[in-house]
Amino acid sequence: MSTVVETVTGLVTPILDEQNFELVEVEFVKEGKNWFLRVFIDKEGGIDIEECAYVSEKLSEKLDSMDPDPIPQAYFLEVSSPGAERPLKKEADYKKALGEYINISLYQAVDGQKQYEGFLVSLNETELVLKIRIKTREKELSFDRKNIAKARLAIQF
C-alpha cells in the first residue's frame, strides 16, 4: 500500500506544481469490498471542482500509461479538497494554523482525555500549546508533539 502512495505522490506532484496547487495527502484504503485512491489537494483561497477534475484527469492519464500497472486491483480515484477540517500533517500546516481553532488526538491521555480542541497558541519542535475553554474559563495546555496522533483544523461551535 505505501508503494502505491509513494508512486502516486511522485506522479501527482509535477501536475500540482505546474498549477501552484499543494498536495495535502494521498491515501490508498480499502472500505468494504472497494479500494479508494484519494488525493487531497489545496491552494491559497481554496480549490474548486474544476481544478479537482483537471488533476484527476491528468493523474488518470499518467496512471493508465504506466506498464506494469502500479495499482493492479480495481479502485476508485477521488481528487478533492481536504475540506474545512483539513488535517495538519506537515510543519508548514501547523505554522499556518497558528491562531486557528484545531482538534488534536493523542496517543496517551492527558488529564484523562485523548482529544482536545482549542486555539493553537504556539508551537516548537517538541510541544504545542492550545488555549482551551473549560466551561467559562480559558486555560493554556502544553502537549508533547510526540504524543499527537492526529491534528486537524476544527469548526468551533
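Residues numbered from 1 in each chain as written. Predicted model: local features only at pLDDT ≥ 70, side-chain atom pairs only at ≥ 80, totals over all residues. Heavy atoms only, no water.

As annotated in an unreviewed UniProt entry, the protein carries the name Ribosome maturation factor RimP and comes from Enterococcus dispar ATCC 51266. Comment text from UniProt for the protein, heading Sequence similarities (unreviewed entry), reads "Belongs to the RimP family." (UniProt positions renumbered as here; feature names shortened; annotations may be inferred.)

Asks: If you had to explain the side chain of E51 to someone new, which residues and values would you point to?
Replies: Considering the arrangement of structural elements, one finds E51 in helix α2 (residues 49–65). Beyond its immediate stretch of four places on either side in the chain, E51 contacts F21, I41, K43 and G46. (Helix = DSSP H or I, 4+ residues; strand = E, 2+ residues; numbered from the N terminus. Contact = heavy atoms within 4.5 Å.)

Asks: Lay out the nonpolar core with the relevant residues and their values.
Replies: Of all hydrophobic cores here, the largest spans 21 residues; its most connected members are V8, L37, V39, I41, V55 and L59. Only α1 (2–19), β1 (22–31), β2 (34–42) and α2 provide two or more residues apiece to this core. For this core, the element with the most residues is α1, which contributes six residues. In terms of nonpolar packing, the next biggest core, distinct from the first, is built from 16 residues, I104, L106, Y116 and L130 among them. (Core = buried A, V, L, I, M, F, W, Y, C linked by side-chain atoms within 4.5 Å. Buried < 20%, exposed > 50% of the residue type's maximum accessible area, 1.4 Å probe, protein only.)

Asks: Outline the packing of aromatic side chains, listing residues and values.
Replies: Aromatic ring pairs are defined here through the distance separating the ring centres and the angle between the ring planes. Inspection of the entire model under this criterion finds five aromatic pairs. Taken together, a centroid distance of 5.4 Å and an interplanar angle of 25° make the contact between F36 and F76 stacked. Here F36 is found in strand β2, whereas its partner F76 is found in strand β3 (residues 76–80), with 40 residues between them in sequence. F76 gets classed as partly exposed once you look at its relative accessible area, which sits at 45%. (Phe/Tyr/Trp six-rings, centres within 6.5 Å; stacked < 30°, edge-to-face > 60°.)

Asks: I'd like to hear about unusual backbone geometry, residue by residue, with values.
Replies: The omega torsion of the bond from D67 to P68 falls at 5°, within 30 degrees of zero and hence cis. Positionally, P68 belongs in the loop between α2 and β3. Residues other than glycine seldom take positive phi values, yet K135 does so here, at roughly 55°. Secondary-structure assignment places K135 in the loop between β6 (127–134) and β7 (137–144).

Asks: Got a sec to walk through a negative patch on the surface? Specific residues and values, please.
Replies: A contiguous patch of negative charge, built from E57, E61, D64, D67 and D69, is present on the exposed surface. For E57, the location among the structural elements is in helix α2. (Patch = residues over 30% accessible without salt bridge, like charges linked within 9 Å, V, L, I, M, F, W, Y side chains within 5 Å. Areas by Shrake-Rupley, 256 points an atom, 1.4 Å probe, with all protein chains shown as cover. Salt bridge = Lys/Arg side-chain N within 4 Å of Asp/Glu carboxyl O. Lys, Arg positive; Asp, Glu negative; His and termini not counted. Charge placed at Lys NZ, Arg CZ, Asp CG, Glu CD.)

Asks: Could you give an account of the UniProt feature "domain: Ribosome maturation factor RimP N-terminal" (unreviewed entry) in the protein, with specific residues and numbers?
Replies: The sites that carry the UniProt feature "domain: Ribosome maturation factor RimP N-terminal" (unreviewed entry) are, in the present numbering, residues 11–85. With 35% helix and 32% strand, residues 11–85 has end C-alpha atoms that lie 26 Å from one another.

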